[in-house]
Amino acid sequence: RQTLAAGKFDWVMIHGYMNRFERQVVHAAKAGGIRTLIRGEFTDVPREGSNPLKRVARDFYLNWFYRHIDCFNYIGENARNHLLRFGVPNERLFFAPFSVDSEMFEEQYNCGTREKRRSNLNIPDSQLVLLFSGKFIPRKAPLLLLDAISRLAERDRITLILLGSGELEPEVTRR
């Protein structure tokens, strides 16, 4: 609360709604007359094996929480539909898709040839290279990819590069 008051902010932005910290920030912002903005991956798609009672409780909580937010940045149509289901008016919704610094990738691309990159990674030209870039969490299923590759007859011709971290990292590393 002191930090928000001292900063004389017009807006505060949060990226989630489940942690006590986010509720505290929203409460402090409202108390200080600061507007709130949330950007997130809002969804109505239930997680596999989720408890129906927990979904009802979540909806009840979100209905309460969203009433304390001034504006929403949604990432895609599922998120937009989720927010509309909770009665958030269109004029408080702003499309904010994931973005990529393409300049950085172009610079990297222009830094060397395919052969040089493979050489730097000790990957022979005969190898097929697959890249997994994501969180090592059940929903992103990195272990499924490892299982699938292990079943291929020519798996020795595949080099898999895994880029990420998360709760499954010890198991991904072990495999």
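Along each chain, residue indices are assigned from 1 in the same order as the chain's sequence is written. Residue-level local features of this predicted model are given only where pLDDT is at least 70; pairs of side-chain atoms are given and counted only at 80 or more, and the full residue set underlies all totals for whole chains, interfaces and linings. For the side-chain quantities, the full set of heavy atoms in the structure was used; hydrogens and water were omitted.

Brief notes about the nonpolar core
Piece 1. Joining through side-chain atoms within 4.5 Å is the link that ties buried Ala, Val, Leu, Ile, Met, Phe, Trp, Tyr and Cys residues into a set, and such a set is a nonpolar core. Only protein chains enter the calculation, and the probe is 1.4 Å; a residue is then buried if its accessible area is under 20% of its type maximum, exposed if over 50%, and partly exposed in between. With 23 residues, the main nonpolar core has Y17, I38, F42, F65, Y66, F72 and L83 as its most contacted residues.
Piece 2. In this structure, L143, L146, L168 and V172 belong to the second largest nonpolar core, which totals six residues.

Here's the deal with the packing of helix 3 (residues 52-66) against helix 4 (residues 77-85)
Two quantities define a packed helix pair, namely the angle between the axes and the distance from one axis to the other.
Piece 1. All axes here are fitted lines through C-alpha atoms, helices being fitted over the stretch that makes contact, and every angle between N-to-C directions spans 0 to 180 degrees. Think of it this way: any DSSP run of H or I at least four residues long counts as a helix, any run of E at least two long counts as a strand, and we number them from the N terminus. The interhelical angle for the contact between helix 3 and helix 4, taken along N-to-C directions, is 80°, at an axis separation of 10 Å. Judged by the angle between their axes, helix 3 and helix 4 are roughly perpendicular. Contacts from R58, D59, L62 and Y66 in helix 3 reach H82, L83 and R85 in helix 4.
Piece 2. Taken together, the residues of the contact of helix 3 with helix 4 break down into three nonpolar, one polar and three charged. Angle categories: roughly parallel below 35 degrees, roughly antiparallel above 145, roughly perpendicular from 65 to 115, and oblique for all the rest. Contacts: residue pairs with any heavy atoms within 4.5 Å of one another. Each residue is assigned to one class: nonpolar for Ala, Val, Leu, Ile, Met, Phe, Trp, Tyr, Cys and Pro, charged for Asp, Glu, Lys and Arg, and polar for all the others, Gly among them.

Side note on the pattern of salt bridges
Piece 1. Within this document, salt bridges are pairs made up of a side-chain nitrogen of Lys or Arg and a carboxyl oxygen of Asp or Glu, the two lying within 4 Å of each other. A full pass over the atoms with the stated rule returns nine salt bridges.
Piece 2. D44 is the salt-bridge partner of R85, the closest N and O atoms lying 2.8 Å from each other. Within this pair, whereas R85 is found in helix 4, its partner D44 is found in the loop between strand 2 (35-40) and helix 3, the two being separated by 41 residues in sequence.
Piece 3. The partner of E171 in a salt bridge is R174, and the shortest N-O contact between them spans 2.7 Å.

Functional significance is not addressed by these values, which are geometric in nature.
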